[in-house]
There are 2 protein chains.
Amino acid sequence: MRRMRNRTSTERGARDVADGLHSAAIHLLRRARKQDTATGEGPARLSALSVLVFGGQTTLGRLAAAEQVKPPTMSRIVAGLKHSGLVHIEADMRDARRVQIAATAKGVRLVQKARQRRIAHLAKQLGRLRSEDLRALAKAVEVLEKTIRDWR
Amino acid sequence: MRRMRNRTSTERGARDVADGLHSAAIHLLRRARKQDTATGEGPARLSALSVLVFGGQTTLGRLAAAEQVKPPTMSRIVAGLKHSGLVHIEADMRDARRVQIAATAKGVRLVQKARQRRIAHLAKQLGRLRSEDLRALAKAVEVLEKTIRDWR
DNA sequence: ATAATTCGTTAGCATGGCTAACTAACGTAC
DNA sequence: GTACGTTAGTTAGCCATGCTAACGAATTAT
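Residues numbered from 1 in each chain as written. Chains lettered and ligands numbered in written order. Predicted model: local features only at pLDDT ≥ 70, side-chain atom pairs only at ≥ 80, totals over all residues.

**Quick look at the overall build of chain A**
So, point 1. Summing up its helical and strand segments, chain A has six helices and three strands in all.
So, point 2. Reading the helices (α) and strands (β) of chain A from amino to carboxyl end gives α-α-β-α-α-β-β-α-α.
So, point 3. Taking 152 residues into account, the globule formula puts the C-alpha radius of gyration at 15 Å, and chain A, at 19 Å, lies well above it.
So, point 4. Looking at the 152 residues of chain A, the share that counts as buried comes to 32%. (Helix = DSSP H or I, 4+ residues; strand = E, 2+ residues; numbered from the N terminus. Rg over C-alpha atoms; globule rule 2.2 N^0.38 Å. Buried ≥ 20, exposed ≤ 12 C-beta atoms within 10 Å, placed from the backbone.)

Structure representation (structure tokens):
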């Protein structure tokens, strides 16, 4: 178990996997991020807008929690999105402290286009893999999604 | 957008995998990054310092290219690292325009500790997975490393 | 009614990305 | 050897995105 080269999957422990995963994630995102500049919106705004598009309207606090930022940060992100006409904001009837934030049609379109660009580029790389490798990645994505859901 | 629930691995195409991978990478890194706050240095500085530690000394321009940022950005990052005593800078004998940047012993120690913290935290999450899932991730990491190497 | 809590905003700070414009040094052509 | 173009880094100044502290307003609990 102390062979360092040529290790097979089963020989790699959680630490090795974590290390490789971390490094791979960094490099993947650096490349993917460049595709997003075409939208004219920054990464934080795009990410928050995506949550709204896929998850439907929410309050500012819930959106901040989903994005793992503090409320003041999200407040400013939402202000920027509103300024660009990508979200609209309305008061909550039941609790006047809350604000309900929702993506506009324009916001939905932008997210769809951004996703297409980003994903197309990454998918192009993945498309060159053997289908066996692609299946392995698909399985891994499921595992990662579960890991993230159950994070503590 | 059109990712459906209840699809099995083999039914997911490159686009779906790319989408899930992108999202998972974002969320993984957001969580991992929080471990780094203990170092007192920001993410850009830590990342650049890591390159120096693992890759040895280089010039500012090469470091900027490695980190995929523009020279002015790297100039400021390096200035911060120098201010914290994590790198030292010396003139290049052959070309006086260039500056050679290298991690100090303190810089090396900081990177090692940061990496340990980061990886330990992620590994702790992965350690809760079934060993079958962990093997799937390990395989995926190999595939990703290959994908990144062959990127074009 | 009053006190405590919760939700969001405002103000102010630091980091990190960019472009434009500059200086300094190098290389080349004459 | 001088003049010109190129290359490496820095400086100045913009914007986005993270934070904490402090606040106002609304809700909830006592």
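**A closer look at the protein's contact with DNA strand C**
So, point 1. For DNA strand C, the set of nearby residues contains 22 residues, the closest of which are Gly61, Pro72 and Ser75 of chain A together with Gly42 and Ala44 of chain B.
So, point 2. Every element with two or more residues in the surface near DNA strand C is listed here: helix H3 (60-66) and helix H4 (71-83) of chain A together with helix H2 (43-55) and helix H4 (71-83) of chain B.
So, point 3. At four residues, H4 of chain B tops the list of elements feeding residues into the surface near DNA strand C.
So, point 4. Class assignment of the residues belonging to the surface near DNA strand C gives a composition of ten nonpolar, six polar and six charged. (Near = placed C-beta within 6 Å. Nonpolar A, V, L, I, M, F, W, Y, C, P; charged D, E, K, R; others polar.)

**Remarks on the packing of H2 of chain B against H4 of chain B**
All names here are of chain B.
So, point 1. Across the interface, H2 lies against H4 with an axial gap of 10 Å and an inter-helix angle of 85°. When the axes of H2 and H4 are compared, the pair comes out roughly perpendicular. Residues Ala44, Arg45, Ala48 and Leu49 of H2 touch H4, and the partners they reach there are Met74, Ile77, Gly80 and Leu81. (Axes fitted to C-alpha atoms, helices over the stretch in contact; angles between N-to-C directions. Parallel < 35°, antiparallel > 145°, perpendicular 65-115°, else oblique. Contact = placed C-beta atoms within 7 Å.)

**Side note on the sheet that holds strand E2 (residues 87-91) of chain A**
So, point 1. A sheet is described by the order of its strands in space; here three strands give the open sequence E1-E3-E2 (chain A), paired in antiparallel fashion. The strands lining the two open edges of the sheet, one partner per strand, are strand E1 (58-59) and E2 of chain A. (Pairing = 2+ DSSP bridges.)

**As for the sheet that holds strand E3 (residues 99-103) of chain B**
Residues and elements named next belong to chain B.
So, point 1. Read from one edge to the other, the open sheet built from three strands follows the order E1-E3-E2, with strand pairing classed as antiparallel. Across the chains shown, the open sheet's two edge strands, defined by having one partner strand only, are strand E1 (58-59) and strand E2 (87-91).
So, point 2. As defined by bridge partners, E1 adjoins E3 across two bridges and the pair is classed as antiparallel. Looking at E3, one finds that threonine 59 is bridged to glutamine 100.

**Points about the packing of helix H1 (residues 14-36) of chain A against helix H1 (residues 14-35) of chain B**
For any two helices packed against each other, the geometry is given by the interaxial angle and the distance between the axes.
So, point 1. Two numbers describe how H1 of chain A lies on H1 of chain B: the axes approach to 9 Å, and their chain directions differ by 120°. The two elements H1 of chain A and H1 of chain B meet at a crossing, and its hand is left-handed. Contacts between H1 of chain A and H1 of chain B involve Leu21, His22, Ala25, Ile26, Leu28, Leu29 and Ala32 of chain A on the former and, on the latter, Leu21, His22, Ala25, Ile26, Leu28, Leu29 and Ala32 of chain B.
So, point 2. For the contact of H1 of chain A with H1 of chain B, the class distribution of residues is twelve nonpolar, two polar and no charged. (Left-handed = near helix turned anticlockwise from the far one by under 90°.)

**A closer look at the confidence of the model for chain A**
So, point 1. Summarising the model, chain A shows a mean pLDDT of 86, and 92% of its residues fall at 70 or more.
So, point 2. Confidence drops under a pLDDT of 50 for residues 1-11 of chain A, and excluding neighbours within four residues, the segment shows seven contacts in the predicted structure. (pLDDT = per-residue confidence, 0-100.)

**Focus: the protein's contact with DNA strand D**
So, point 1. Surrounding DNA strand D, one finds 23 residues, the nearest of these being Gly42 of chain A together with Thr59, Gly61, Pro72 and Ser75 of chain B.
So, point 2. The set of elements that each furnish at least two residues to the surface near DNA strand D consists of helix H2 (43-55) and H4 of chain A together with helix H3 (60-66) and H4 of chain B.
So, point 3. Element by element, the count of residues in the surface near DNA strand D is highest for H4 of chain A, at five residues.
So, point 4. Residues belonging to the surface near DNA strand D are distributed by class as follows: ten nonpolar, six polar and seven charged.

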